[in-house]
Amino acid sequence: MGELRWHRVRFFDYMPSAIRSMAFNSTRSAWAVARARAVEIFNFADNYFQEKVIPGRDGRSIEACWVGCRLFSAGLDGEITEYDLDNLRPRYSIEAYGGPIWTISGNSQGTLLAAGCEDGTVKMFEILEERIQFQRNLDRQKGRIVSLSWHPSGAQIAAGMMGMIRIFDSETGHATHRLLVEQGVGASKSREVVVWSVAFLSDRTIISGDSAGKVQIWDGLRTLIRTHLVSKWDVLVLSVSQDESSVIAGTSEGTIAQFQFISSTVGQQDKHWVRTRTFKNHSHDVRGASNTDTAVVSGGMDTQVVVRPLLDKVEKNTQESALRKIAFPHRSLVSCAKKAGLLLFQFPDHLELWRLGESDGNGRPGESLPVKRRPEKLIQLKTKGEDHICCSTLSPCGSWLAYSTVSSVRLYRLQLSSNNVGIQKVSKLPKELHSVHQLCFSSDSSRLFASSSLSSVIVVALDQAECKYLHTLKHKSGSRQPIHILSPSEDGQWLAAANTDCEIHVFNLRKMKLHCSVPAYGSCPTAVSIHPTSCNLVSVHADQQIFEFSLKQKEYTEWSRQLQKRGLHVLWLQRDTPITRVTFNPKNPAHIVLNDTFMFCIIDQSLPLPEAKATFYNQMRLRSLPQPQRLRESHAFKICKNFQHLLYVNLLEDLSLVVVERPLMDIMSQLPAPVRQKKFAT
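Nothing here was measured: the structure is a model prediction, and the numbers come from that model.

1. A closer look at the overall build of the chain
Move 1: Secondary structure assignment for the chain yields 5 helices and 55 strands.
Move 2: Its C-alpha atoms give the chain a radius of gyration of 27 Å, near enough to 26 Å, the size a compact globule of 682 residues would have.
Move 3: For the chain, the C-alpha atoms occupy an extent of roughly 75 × 65 × 50 Å along the three principal directions.
Move 4: Considering only contacts in the chain between residues 6 or more positions apart, those separated by 24 or more positions represent 48%.
Move 5: Summed over all atoms, the accessible surface of the chain reaches about 30200 Å², with 48% contributed by carbon and sulfur.
Move 6: Across the chain, the 81 positively charged side chains and the 66 negatively charged ones have centroids separated by 4 Å.

2. As for the pattern of salt bridges
Move 1: Applying the stated criterion across every chain yields a total of 19 salt bridges.
Move 2: Glu 661 is paired through a salt bridge with Arg 10; the nearest N and O atoms lie 3.1 Å apart. Taken together, the residues span a long stretch of sequence, with Glu 661 in strand 55 (residues 657-661) and Arg 10 in the loop between strand 1 (6-9) and strand 2 (19-25) at a distance of 651 residues.
Move 3: In this structure Glu 661 comes out as buried when scored by relative accessible area, which is 0%.
Move 4: Residue class for Arg 10 comes out partly exposed when judged on its relative accessible area of 39%.
Move 5: With its nearest N and O atoms 3.7 Å apart, the salt bridge here joins Lys 377 to Glu 352. With Lys 377 in strand 33 (residues 376-382) and Glu 352 in strand 32 (residues 350-355), the pair connects residues that are 25 residues apart, well separated along the chain.
Move 6: What makes Glu 352 buried here is its relative accessible area of 9%.
Move 7: Because the salt bridges share partners, they merge into one network encompassing Arg 70, Glu 82, Asp 84 and Arg 91.

3. With respect to the sheet that holds strand 21 (residues 224-229)
Move 1: With respect to topology, 4 strands assemble into an open sheet ordered 18-19-20-21, the strand pairing being antiparallel. A single partner strand is all that each edge strand has here, and the edge strands are strand 18 (195-200) and strand 21. Each strand axis lies, on average, 15° off the axis of its neighbour in the sheet, ignoring direction.
Move 2: The sheet contact formed by strand 19 (residues 206-210) and strand 20 (residues 214-218) spans 4 bridges and is antiparallel. The residue of strand 20 that forms the bridge with Ser 208 is Gln 216.

4. Notes on unusual backbone geometry
Move 1: You will see that Asn 47, though not glycine, has its phi angle at about 60°, which is positive.
Move 2: Position of Asn 47 among the secondary structure elements: in the loop between strand 4 (38-43) and strand 5 (49-55).
Move 3: Non-glycine residue Glu 244 carries a positive phi angle of around 60°.
Move 4: With respect to the helices, strands and loops of the structure, Glu 244 is situated in the loop between strand 22 (235-240) and strand 23 (246-251).
Move 5: Glu 244 sits in the partly exposed class, given a relative accessible area of 21%.

5. Observations concerning the state of the cysteines
Move 1: All told, the structure shown has 0 disulfides when counted by the stated rule.
Move 2: Cys 390 supplies the cysteine sulfur nearest to Cys 391, a cysteine that is in no disulfide, at a spacing of 4.1 Å.

6. Some details on the side chain of Asn 595
Move 1: Checked against the element boundaries, Asn 595 lands in strand 51 (residues 591-595).
Move 2: Using a relative accessible area of 1% as the deciding quantity, one classes Asn 595 as buried.

7. Some details on the sheet that holds strand 24 (residues 255-262)
By way of backbone hydrogen bonds, the strands of a sheet pair with one another, either parallel or antiparallel.
Move 1: As summarised here, the arrangement of the 4 strands in space is 22-23-24-25, forming an open sheet in which the pairing is antiparallel. This sheet does not close on itself; its edge strands, each paired only once, are strand 22 and strand 25 (272-280). Pairs of neighbouring strands in the sheet enclose a mean axial angle of 20°, with direction left out of account.
Move 2: Sheet topology note: the strand 24/strand 25 ladder contains 8 bridges and is antiparallel. By the bridge assignment for strand 25, Ile 262 is matched with His 272.

8. Things to note about the environment of Cys 65
Move 1: Its location among the elements puts Cys 65 in strand 6 (residues 62-67).
Move 2: Residue Cys 65 is classed as buried on the basis of its relative accessible area, which comes to 8%.
Move 3: For Cys 65 and Asp 119, which are 54 residues apart along the polypeptide, the C-alpha to C-alpha distance reads 21 Å.

Quick notes on the rules
Residues numbered from 1 in each chain as written. Predicted model: local features only at pLDDT ≥ 70, side-chain atom pairs only at ≥ 80, totals over all residues. Heavy atoms only, no water. Helix = DSSP H or I, 4+ residues; strand = E, 2+ residues; numbered from the N terminus. Rg over C-alpha atoms; globule rule 2.2 N^0.38 Å. Contact = heavy atoms within 4.5 Å. Areas by Shrake-Rupley, 256 points an atom, 1.4 Å probe, with all protein chains shown as cover. Lys, Arg positive; Asp, Glu negative; His and termini not counted. Charge placed at Lys NZ, Arg CZ, Asp CG, Glu CD. Salt bridge = Lys/Arg side-chain N within 4 Å of Asp/Glu carboxyl O. Buried < 20%, exposed > 50% of the residue type's maximum accessible area, 1.4 Å probe, protein only. Pairing = 2+ DSSP bridges. Axes fitted to C-alpha atoms, helices over the stretch in contact; angles between N-to-C directions. Disulfide = S-S within 2.5 Å.

The following block contains the structure:
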């Protein structure tokens, strides 16, 4: 593999925001994760890949809800928002006129959306083809509506409040039943119980979770039949499986309790709701949970999405049975000016530009070199308005900086010297650059590429005098899905664009037209790059498969065919984080450099592929083996796991490696204190 000098960067203070709610869509096999600063959409069927991110706005705490294939959210600002999933932006927002909205829920028929408001009303909205329209208020109550759940028939809706549950007839709008919720054991009578979550089952059973730590169950006659004390603290969220045989309850202690509708005694016919499992996957409040057919998916204040397989529903000792934690984004928040030694860090509301440090020393492998010049923060650029940043980029020469929100694009010209930093906003931009999903510069920094609506790419020419629109590149597939990867070639001839429809299109920038489309593959691309000398396109997908496609021959290369024929090693396929970047070593054209969150890998195409029984040794470990064994264990995949939680890996022009780390413990140390829990011997 050879020796590389690297810049170990730990001054990117990336801090994900807390998860507020989660909504699972069984039709799309996708779930929406609503955070304080964004809505993220994961593809459950495609190895839990984070397909889309819709940036949020300041001051919004939101609840997410699927109605069919349409995504809605509401929050304490009192507005209901529907999202445009093709353009990754809010489609429209309407005021509910009920004060802060605590919860929203759509009926299973996809015709009505209910919102629980601060003023004690449940507001019903009719879902039309293009937007939603206010229909009526249900009977007004004295306290705020905290939780909602529709009966599967759509005829009734249950509302959780302070100290009670109300059941409404959705046709007449009148309240038909009132269920009083008991206070917890030893609780003060002056302290009201909050029904944080409620579930309405097909047989008219109602299940509630409240601030006294109880899960209570009422039968169809509205009789309380069972009370389970789950926690000393709050039960914040309930989720029912699709067949209604299982319910999970998330608490403010970070635990998740599962209840199943089973016979409590073997051979007995009568079934009851029995607590069967307790999971401890979180350190803080569990705010969102989804109970799928095979797993429990949860998230909360500790910012992580946790996928806990149900071992009675999946095959044991397989990839499906492994616990999975998603703590970092599946897209890059770092840009690099390879020729200038600069890094650009993207935060929700600002950007930071840093100059890398320097060292003139030499050492042995694994040693830290003395620092000649320390890293320096040059610029902190804050956004204007409430919209958060959705993408940003830095030109390879370090002279241009661009970022976009859902409403506008900003371009800046940078002037850097050893002592001074100058930044000048480009005031006149082409009207075509109004809202984009991805930005990147050409290798010579003379062009800016921006992915726009209908999966198209806008090409803009840059010079010192002006910024000029050149062309809009379009493909012929008809896909409307957003482009999430743009990758230009080093020679400036090619541009690869990948969208969330699993398509990769390659454009000829000299002729300004589509050159070819890579044969469709069923898993979404996570990283794409074009080799600087061979013009082969390398793509890595969410299911960990790797392909190499010749742009000249318009077909897969022989190496790629051999790789697919033999199959990738099981240790490679069992990794649970996607490859987020592919680059190449200019000094050795046979080297492909890839990285995910936990390792970076150099694939040497000149070496044989690993055998089925081969081991993926860390390179420091491989170096310590005896020479004969080292030769036997040598294969194309060279793994390095010397780093903690990688956010970015790239080769600079001087062939040194820049590695941006964000240890998970640094994130955990910045979280608020969890609820106090009694621990043994304390």
